[in-house]
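Observations on chain architecture
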Amino acid sequence: MRRVLALVCAVFALATVAAATDEKPVETPVFPNFAFTAIDGSKQIDLHSLHGRPVLMTFWASWCGPCRMELPELERLAEELADRGFTLVTVNTDQVPAQGMRFLQRYEIDIPVYRMDPRSLQTLGVRSLPTNVLLDREGRPVGIYRGYSPELPGEIRRLVLAMDGEEGEAPSGGQ
């Protein structure tokens with residue numbers, strides 16, 4: 001399962017190219033199941049338990065400047081889309097969990113934050129921060145985003161609304 005994210009990106013790209021060229025699209029596989037433990041160690045969830053909901057996994061670290069800008073934006077987006085079942089899974093990649101917890105307190109960010117087994121994180125191939133993976137209600141990747149973009153919350157909003165068969169944009173929710 002090495003470089004799962006790279007493989008998923010490749011399949012996602014093939015499906016997109018096939019759709020653009022009117023070829024039969026390649027079906028994007030369901031994202032592999034991974035376990036996440038709350039940053040304080042209090043609980044554990046697994047990715048497949050979230051099937052039926054749109055899920056955004058975001059990988060971040062306390063030392064990452066762009067993550068400081070992005071996390072509050074994603075927190076607002078999660079609040080805005082909560083009634084649609086949207087779930088934000090934030091994965092802290094700091095070597096020491098206390099660094100991530102201090103970051104959250106300092107910037108007054110109040111979202112569930114998880115950690116992954118370092119081997120699972122390495123298996124995913126997350127090499128740049130922030131990295132975001134949007135999964136549809138069946139657990140298939142809809143978008144993979146590396147690096148910070150101020151347009152990301154709007155793009156995620158648009159895709160989540162499209163999952164519900166809606167077009168256009170919902171109110172921005174204070175972006």
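Scroll up for the structure.
First, a word on scope: everything that follows refers to the structure included in this document. Note that this is a predicted model, so its numbers are computed, not measured. (Residues numbered from 1 in each chain as written. Predicted model: local features only at pLDDT ≥ 70, side-chain atom pairs only at ≥ 80, totals over all residues. Heavy atoms only, no water.)

With that settled, consider the sheet that holds strand β6 (residues 131–135). Pairing in this open sheet of 7 strands is mixed, and the strands run β2-β1-β5-β4-β3-β6-β7 from one edge to the other. Strands with a single pairing partner mark the edges of an open sheet, and in this sheet they are β2 (44–46) and β7 (141–146). Direction aside, the axes of adjacent strands within the sheet are offset by 30° on average. Bridge count for strand β3 (residues 55–60) against β6 is 5 bridges, and the pairing is antiparallel. In the sheet register, F59 faces β6, and the bridge partner there is T131. Relative to the sheet, helix α2 (residues 65–80) contacts β3, β4 (87–92) and β6, its axis offset from that of β3 by approximately 160°. On top of the sheet, helix α3 (residues 97–106) reaches β3, β4 and β5 (113–115); it is set at about 110° to β3, its chief contact. (Pairing = 2+ DSSP bridges. Helix = DSSP H or I, 4+ residues; strand = E, 2+ residues; numbered from the N terminus. Axes fitted to C-alpha atoms, helices over the stretch in contact; angles between N-to-C directions. Contact = heavy atoms within 4.5 Å.)

Within β4, 6 of the 6 residues are buried, which leaves the element mostly enclosed by the surrounding structure. Along β4, one buried face is formed by T87, V89 and V91 and the opposite face, lined by L88, T90 and N92, is buried too. Here β3 pairs with β4 via 6 bridges, running parallel. Bridge pairing in β4 places W60 opposite N92. For the crossover that starts at β3, traverses α2 and ends in the parallel β4, the hand is right-handed. The pairing of β4 with β5 spans 2 bridges and is classified as parallel. Paired with V91 across the strands is Y114, a residue of β5. (Buried < 20%, exposed > 50% of the residue type's maximum accessible area, 1.4 Å probe, protein only. Right-handed = clockwise from strand over helix to strand, strands pointing away.)

So, about α3. Taken together, the buried positions of α3 are occupied by G100, F103 and L104. Buried residues of α3, seen end-on, are gathered within an arc of 95° and therefore sit on one face of the element. Pointing more than 90 degrees away from the buried face of α3 are the exposed residues R102, Q105 and R106. Against the buried residues of α3 lie β3, α2, β4 and β5. Immediately beyond the C-terminal end of α3, within one or two residues, lies E108, with a positive phi of roughly 50°. (Arc of directions from axis to C-beta.)

Here we take up the side chain of D136. Looking at where D136 falls in the secondary structure, it is placed in the loop between β6 and β7. The buried charged residue D136 lacks any salt bridge, with R140 as its nearest oppositely charged partner at 5.2 Å. Engagement of the side chain of D136 in a polar contact is seen with the backbone nitrogen of E138, the distance being 2.9 Å. Setting aside anything within four residues of it in sequence, one finds D136 in contact with R53, P54, V142 and M163. (Lys, Arg positive; Asp, Glu negative; His and termini not counted. Salt bridge = Lys/Arg side-chain N within 4 Å of Asp/Glu carboxyl O. Polar contact = N/O pair within 3.5 Å; in protein donor to acceptor, adjacent residues only side chain to side chain.)

Counted by the stated rule, this structure contains 4 aromatic pairs. Their ring planes at 55° and their centres at 6.4 Å tell us that F31 and F34 sit as a pair that is tilted. The residues F31 and F34 share a single accessibility class, namely buried. Within the aromatic cluster, the residues linked to one another by ring pairs are W60, F103 and Y107. (Phe/Tyr/Trp six-rings, centres within 6.5 Å; stacked < 30°, edge-to-face > 60°.)

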